[in-house]
Amino acid sequence: MNIDRNPTREVRIGTAKIGAGHPIALQSMTATQTKNIDATVGQINDLADAGADVVRVAVDSNQDAAALPEIRRQTKANLAIDLQENYRLAEAVAPHVDKIRYNPGHLYHHERQKSWQEKVAYLAQVAADHDCAMRVGVNCGSVDPDKKTKYAGDDTIRPMLDSAWEHCAALDELGFTRYCVSLKDSNPQKVIDVNRRFSAQRPEVPLHLGVTEAGMPPDGVIKTRIAFEQLISRGIGDTIRVSLTVSNPRKPEEIVAGRKILADIAMGRVRSVVDYGLDTLNIISCPSCSRVENEAFIELAEQVKEMTRYAAEHAITIAVMGCRVNGPGETDDADLGLWCGPQYVNLKRGSEAMGQYPYDEILSRLKSELDALIREHRDRD
Ligand code: SF4
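Reading guide: rules and limits
Every residue gets a number counted from 1 within its own chain, in the order that chain's sequence is written. The predicted nature of this model means local features are confined to residues of pLDDT at least 70 and side-chain atom pairs, given and counted, to a pLDDT of 80 or more, with totals for whole chains, interfaces and linings taken over all residues. In DSSP terms, a helix is any run of H or I states spanning at least four residues, a strand is any run of E spanning at least two, and both are numbered starting from the N terminus. Atoms counted for the radius of gyration: C-alpha only. Globule rule: 2.2 Å times the number of residues to the power 0.38. Exposure classification rests on a simple neighbour count of other C-beta atoms within 10 Å of a residue's own: a residue reaching 20 or more is buried, one at 12 or fewer is exposed, and one in between is partly exposed. C-beta atoms are placed from the backbone. Any two residues are considered in contact once their C-beta atoms, placed from the backbone, lie within 7 Å. Only the C-beta atom, placed from the backbone, is used; a residue is near a molecule or strand if that atom lies within 6 Å of it. By the convention adopted, Pro, Cys, Tyr, Trp, Phe, Met, Ile, Leu, Val and Ala count as nonpolar, Lys, Arg, Asp and Glu as charged, and the other residues, Gly among them, as polar. An automatic or database domain assignment provides the domain bounds reported here. Pairing between strands is defined by DSSP: at least two bridges between them are needed. Here a crossover is taken to be right-handed if, once the strands point away from the viewer, the path from the first strand over the helix to the second is traced clockwise. To get the bend at a given residue, fit one axis to the seven residues ending there, fit another to the seven starting there, and take the angle between those axes. Under the definition applied here, buried Ala, Val, Leu, Ile, Met, Phe, Trp, Tyr and Cys residues are grouped into a nonpolar core through C-beta atoms within 7 Å. Predictor confidence is given residue by residue as pLDDT, running from a minimum of 0 to a maximum of 100. Axes, fitted as lines to C-alpha atoms, cover a helix only where it is in contact. Angles between the N-to-C directions of the axes lie from 0 to 180 degrees. Oblique is the label for any angle not under 35 degrees, not over 145, and not in the 65 to 115 range, which are roughly parallel, roughly antiparallel and roughly perpendicular in turn. A crossing counts as left-handed when the near helix is turned anticlockwise from the far one by less than a right angle, and as right-handed when that turn is clockwise.

Some remarks on the overall build of the chain
Across its full length, the chain holds 12 helices and 15 strands. A globule of 381 residues ought to have a C-alpha radius of gyration of about 21 Å, and the chain, at 20 Å, matches this closely. Classification of the 381 residues of the chain by burial places 49% in the buried group. Once local pairs closer than 6 in sequence are excluded, the contacts in the chain between residues at least 24 apart make up 67%.

Looking at the site of the ligand
For the ligand, the full set of nearby residues is C286, P287, S288, C289, R291, V292, M321, G322, C323, V325, N326 and G327. In the shell around the ligand, the residues fall into 7 nonpolar, 4 polar and 1 charged.

Topic: the domain arrangement of the chain
Domain boundaries assigned for the chain yield domain 1 (11-266) and domain 2 (282-380). On a C-alpha basis, the centroid separation for the pair domain 1 and domain 2 is 25 Å. Taken together, the contact pairs 19 residues of domain 1 with 20 residues of domain 2.

A look at the pairing of strand 8 (residues 179-184)
For strand 8, the tally of buried residues reaches 6 of 6 residues, placing the bulk of the element in the interior. The pairing of strand 8 with strand 9 (residues 207-209) spans 2 bridges and is parallel. Following the sheet pairing, S182 is matched in strand 9 by H208. One crossover worth recording links strand 8 to the parallel strand 9 by way of helix 7 (residues 188-201), and it is right-handed.

Describing the environment of T317
Secondary-structure assignment places T317 in strand 12 (residues 317-321). Linking T317 and T331, residues 14 residues apart in sequence, is a C-alpha distance of 9.8 Å.

A few points about helix 2 (residues 62-74)
Note that an α-helix has 3.6 residues per turn; residues three or four places apart therefore point the same way. If you look at helix 2, its biggest bend is around 35°, right at L68, and the proline P69 turns up within four residues after that. Every buried residue belonging to helix 2 is among D64, A65, A67, L68 and I71, and all of these are buried.

A closer look at the environment of R202
Note on placement: R202 falls in the loop between helix 7 and strand 9. Note: C-alpha distance between R202 and V57 (145 residues apart in sequence) is 28 Å.

Considerations on the nonpolar core
Judged by nonpolar contacts, the single largest core of 109 residues is most densely connected at I100 and L123. Ranked by the residues each element gives to this core, the list is headed by helix 8 (residues 219-232), at 6 residues. A domain-level breakdown of this core finds at least three residues from each of domain 1 (11-266) and domain 2 (282-380). Residue contacts for I100: discarding those within four places in its chain leaves I81, L83, A90, A94, L123, A127, C132 and M134.

Here we look at the confidence of the model for the chain
Low pLDDT marks stretches whose predicted atomic positions should not be read closely. Confidence in the prediction of the chain, expressed as mean pLDDT, is 92, and 97% of residues score 70 or more. Throughout residues 272-277 the model reports pLDDT below 50, and contacts reaching past four residues in sequence, or to other chains, amount to 10 contacts.

What to know about the environment of A52
Residue placement: A52 occurs in the loop between helix 1 (37-50) and strand 4 (54-59). Note on A52: 26 C-beta atoms within 10 Å, which makes it buried. Taking C-alpha positions, A52 is 6.2 Å from I255, a pair spaced 203 residues apart along the chain. Each residue touching A52, except ones within four places of it in the same chain, is listed here: L26, Q27, S28, L47, A77 and I255.

Here's the deal with the sheet that holds strand 7 (residues 133-139)
The strand order around the closed barrel built from 8 strands is 3-4-5-6-7-8-9-10, with neighbouring strands paired in parallel fashion. Averaged over all pairs of adjacent strands, the angle between strand axes in this sheet comes to 25°, irrespective of strand direction. Strand direction decides the pairing type here: strand 4 and strand 5 (residues 79-83), joined by 5 bridges, are parallel. Looking at the pairing, R56 lines up with A80 of strand 5. Docked against the sheet, helix 9 (residues 253-266) engages strand 3 (25-29) and strand 10 (239-241), running at close to 155° with respect to strand 3.

Looking at the sheet that holds strand 13 (residues 336-340)
In space, the 5 strands of this open sheet follow the order 11-12-13-14-15, with mixed pairing throughout. Each end of this open sheet is capped by a strand with a single partner; those strands are strand 11 (282-285) and strand 15 (352-358). Pairwise comparison of adjacent strand axes, ignoring direction, gives a mean angle of 15° for this sheet. Examined bridge by bridge, strand 13 and strand 14 (residues 344-349) share 5 bridges and lie antiparallel to one another. Looking at strand 14, one finds that W339 is bridged to N346. Docked against the sheet, helix 10 (residues 296-307) engages strand 11, strand 12, strand 13 and strand 14, running at close to 165° with respect to strand 12.

Concerning the packing of helix 7 against helix 8
With their axes 8 Å apart at the nearest point, helix 7 and helix 8 run at an angle of 25° to one another. By the criterion of interaxial angle, the relationship of helix 7 to helix 8 is roughly parallel. The element helix 7 and its partner helix 8 pack so that their crossing is right-handed. Of the residues in helix 8, those in contact with P188, V191, I192 and N195 of helix 7 are K223, I226, A227, Q230 and L231. Each residue belonging to the contact of helix 7 with helix 8 can be placed in one class, and the counts come to 6 nonpolar, 2 polar and 1 charged.

This is the structure in structure tokens:
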């Protein structure tokens, strides 16, 4: 298949180049504790051996940041760091990595007296000083709160677009153009919509594509494939990640799945679109990363899938998230949400908190809520 790629500009990430017609780069993210240097280096190298062009590592604490020099010493992989609220960690890690990813929605939590523009200027300067590329990573579950209030609650696309465009404009004004953008949602149709609309307005900005919390294989791969087929076949996308809920030793499956999707699209082996979330049960779960505080999360995600099979015909979305950083926000749009803490699992119905339960009790609590929801749907219909 001859695909006319969008005329994006080139962005270099270490030895990898994205945009400007370069082959679509594959990325993944470590799920080890970043401060555990041996485990993190092992996983980075496993991912690189599987063909990852860039490997992302979460940095949430001074301990994580302190591990980066040694991690850098032990691997040749192109490294990206994932910053959350503590954006100031950038200067400690930038000398040791090739790319900095920040989330516009997370620039509000620390140093509230400073504007987001000042924080972006700081990040751009740190990136420029240390030869790093940047990713503006907009995520459906943690959109800039100011943007959210401007639009109706069911319009989740415009707040993401406004936030991305605004940050691009700010970086352009600073003269920092070595960046790409990502706009991620757990719903593949929304990923298609938001990326198409973004690239129609900013066709020169390289895009990193992904369906967040896609879940376990094979469903997670199928959801991602749906979005990628529709976007890449139209020339949109310069780098991708397939986010899967799998245990640490299986993380390289993200790269294998990504390569297969790209090869199939290139050969025209495109599947028909499945309309997720409309009239069947939709289980979404995060791909897990170093922020997971209890590894029982992976098993729990599998148990939720098994336990809820009986509800397969119901249009209900259940989200299972691995941590307190993104879990509370990213479960808001699900009918039922679980997010995992070290000892307890938090249960939500929409944005309403239903309580915390031990890992061995949460499945029965979830089943009660699911049964109640099914009854309500039946009464309503
Ligand atoms: S929800 Fe938390 S544990 Fe899961 S991928 Fe996102 S940050 Fe990592």
